[in-house]
Each structure stands twice: as structure tokens, then as C-alpha cells.
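Structural description and commentary
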Amino acid sequence: MASIVLRVFTDFFVYETTKSVVVKSWSVGIINRVVQLLIIQYFICWVFLHEKAYQARDTGIESAVMTKVKGFGSYLNRVMDVADYVAPPQGSSAFSIITKLIITDNQTQGRCPQTDGTFKCTSDADCMNITGSHLGNGIVTGTCLIKNDQGQCEIQGWCPAENDKVNVSVMEGVENFTIFVKNSIRFPLFNVTRGNFPSDLNKSYITHCNHDPILHPFCPIFKVGDLLKLMNQNLSKIASKGGEIGIHIGWKCDLDRSLDMCKPQYTFTRLDAVFQHSSVSKGYNFRFAKYFKSPDGTEYRTLHKAYAIRFEIIVSGNVRKFSAVPFLINLVAAFTSVGLATVFCDIILLNFLQGAEQYKAKKFEEVSSIETVSEQMTLPGQPNANKSDGKEL
């Protein structure tokens, strides 16, 4: 047991040094150079030229967005302006353009029958089973109100209850509405600030231009109809049920080039596309109310269920610039990786070629100590050169 422990201990304290073995083999030599060439090409073409790994990057973009909608629509014999169909009115990066309204006038607090078909009843017992339901327009009282042989559960809340099953038309002129987008960004790592249009932009140009990916790629004014065409969306369908549209502003800048080349790129997408064929919830709608008081002090309201196109302005950025640290790190990695060709060739020589055992014998050599080697070189019966022969010099 002690000898085993001693052997493990002595084997631990060994030193390995590289031994160069020249293998004169055309096949292995070609494989070695091809693998080295592939590794060098990978680092030059992909790492340095494509990925630009010699540059430092900043993706922590600071962004501010302001929007403004313009246009007039026609709805229910009324002319609608931005105060009527834009919500919320603050001009933030997320806003909605209302395209259809279901209006319930003169609602007051009281009791009335529910209008939803799921609240039909024949007796109070049917209504008692659904007390506490949040699917109606008020609190279910448990009373069944029967009129003309048809029963509906009674609710307590704003009456008359809303009926959102009625068919109403959509607003006309939505496709001509325009959206002005003002975006300013800053990359804190390099202290670079940019805007989606220059401050000296010609006023007459920005007044009359509409964004076009080819003709006017940097015009910050977007026409609703043009956006829907770029996404292959049907205006009548999205105006009837509502939907969510994303306007993505991407900033990809190379600061090793001119700063004037740091310009935004716009892309557009239907954000709720995954729910277009859903039977549970499709489109986009919300409710809001306008409150009033009668001369006798009774409060009443007008309830609006609005179907709208919701717009989201999404900003992302990636700016890069030459830096010595990532350049040196990737350069060292490139030189180190070239050595993988030697490892690959060693695997072939040691396992797959004829004469592998001979190659192993040449490549690996164990040396216990210099003294041991010297003793092995001394033949039996031959006097030790280190010992004195008894003669005096």
C-alpha cells in the first residue's frame, strides 16, 4: 500500500515537455495545412470582417419618442379629428387610432336586464347559479326578469346594459391618416446622440413627404394605408376588429466610419398576428366613458366601446467602434486556434494511419532521471566510468 501511495506521489510531480517529431507524410501534411487555412479564413472572414470582433459594442441605447397623428375622418355623419379618435392624446410611443365605436347613451346607476345571450334564464335559480360572474355589465342580483316569454338575469350597475353585438360601420378616411415620429437616441458608452431626421431638414420637404422604403427612406411621416400595404394587411379587416402594429426603428452604427452614416432603419410588423385566427380573443378594443350631470344632480354617462389600431414604436440600437482590448483578445484566440490543426493530425497519426505504434514511440518518451538513463547505458561486466581505477594521476 505504501509503495502505491509513493508511486502516485512521484507520478504527480513529473514534468512534460514538447518533443518535435517531423512526419514526412504527404497526406498528413496536406490535412494539416488545409485545417490551418480553414481556421485562418474563419477568423479573417467571419470573426474580423463579418462580426467585426475588433470593435467594442454598446447596445444600452437611451431613447425618447414623440408621435403626432394628423387627418380627418368621417363617422356617423360627423367629422372626426385627432381629439376624437386618438387615445391617449399625449403623443407617446404607444397610441391608438379608433376606427369603430359602439355607443351606449344615457347610462345611469340602477337595475336592468343583462343583454348578453349567456345570461338567459327561466327562473331565479338560473341567475343564482351565476352570481359573482364578471362576464356581464354589472353585479348579478339573482333575479330573472321575464319579458315577452324571454328571460334575462337582472344586474345592478350602469343601465341600460351595453349591447356590443350590434353591427356598426368603420370610420372612413383612416388610410389617409399620417403619423409623425420624432425619435432621439443616445449611446452612453461613446456619448453619441442622433435623431431620426437632421435638425436642418427642409421644412417644405417634411411637410409633403410620406415615408417610402425606396424613395423617401428617412422621411419621419408614415401614412397608415402605406404601412398596411407594406405588411400585406387588409384595412377593412383590421379597422373592424382592431389590431396592433409595430414600427421598429433600428440604429446600427459603425463609428469607425462617418457619423453621418449613422441613420435609422424602419421595419413594420403586425404584433398580434399570432391571434388573428383565435376564436377567444382577436383584434384590439377598449372602453371609455364620458360623464355628465343633469340639472337635478343625477349623474349619467355615455359609454364607448372602441375598436382601434394600436401602434407601438419600438427602438433598438447597436453601435460599435474599434477597441484594442477585443482586437488583441481575438487575435490571440486566432493564433491559438491554429494549433488545433496539430491536435487533429495527431489523432489521425495515432489512431488511423499505418505505423501508428512507431509514431507513438517517437512522439512519447518517458525519462525517470538522468542517473537511471546512465545506468541503463552501462553494459554488464564493464567497469563504471565514474569509479576510480586505483591509479594515481
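Being a predicted model, the structure only gives us computed values, none of them experimental. (Residues numbered from 1 in each chain as written. Predicted model: local features only at pLDDT ≥ 70, side-chain atom pairs only at ≥ 80, totals over all residues. Heavy atoms only, no water.)

As for the state of the cysteines
Applying the stated criterion across every chain, the model contains five disulfides. With its sulfur 2.1 Å from that of its partner, Cys112 forms a disulfide with Cys159. On the S-S bond that ties Cys112 to Cys159, the torsion sits near -85°, and the link is left-handed. Here Cys159 lies in strand E9 (residues 150–159) and Cys112 lies in strand E6 (residues 94–113), a separation of 47 residues in the sequence. (Disulfide = S-S within 2.5 Å. Helix = DSSP H or I, 4+ residues; strand = E, 2+ residues; numbered from the N terminus.)

Some remarks on the environment of Asp105
If you trace the backbone, Asp105 turns up in strand E6. When the C-alpha positions of Asp105 and Glu162 are compared, they lie 9.2 Å apart, and in sequence the two are 57 residues distant.

Some remarks on the nonpolar core
Among the nonpolar cores identified, the biggest contains 40 residues, and Tyr85, Ile97, Ile179, Val224 and Phe311 are the most heavily contacted of them. Secondary structure elements with two or more residues in this core: E6, strand E10 (178–187), helix H6 (224–230), strand E13 (243–254), strand E14 (264–270) and strand E16 (299–322). If one sorts the elements of this core by residue count, E16 sits on top with six residues. Filtering out sequence-adjacent residues up to four positions away, Ile97 remains in contact with Val69, Tyr85, Phe177, Ile179, Val224, Tyr307, Ala308, Ile309 and Phe311. (Core = buried A, V, L, I, M, F, W, Y, C linked by side-chain atoms within 4.5 Å. Buried < 20%, exposed > 50% of the residue type's maximum accessible area, 1.4 Å probe, protein only. Contact = heavy atoms within 4.5 Å.)

Some thoughts on the confidence of the model for the protein chain
Mean pLDDT for the protein chain: 86, with 92% of residues reaching 70 or above. This model gives residues 385–393 a pLDDT under 50, and the stretch forms zero contacts once residues within four places in sequence are excluded. (pLDDT = per-residue confidence, 0-100.)

Things to note about the packing of helix H2 (residues 26–50) against helix H9 (residues 340–351)
Taken N-terminus to C-terminus, the directions of H2 and H9 make an angle of 150°; their axes are 9 Å apart at the nearest point. What the angle tells us is that H2 and H9 run roughly antiparallel. Seen from above, H2 lies across H9 with right-handed handedness. Of the residues in H9, those touching H2 at Val28, Ile31, Asn32, Val35, Gln36 and Ile39 are Leu340, Ala341, Thr342, Phe344, Cys345, Ile348 and Leu349. For the contact of H2 with H9, the class distribution of residues is 10 nonpolar, three polar and no charged. (Axes fitted to C-alpha atoms, helices over the stretch in contact; angles between N-to-C directions. Parallel < 35°, antiparallel > 145°, perpendicular 65-115°, else oblique. Left-handed = near helix turned anticlockwise from the far one by under 90°. Nonpolar A, V, L, I, M, F, W, Y, C, P; charged D, E, K, R; others polar.)

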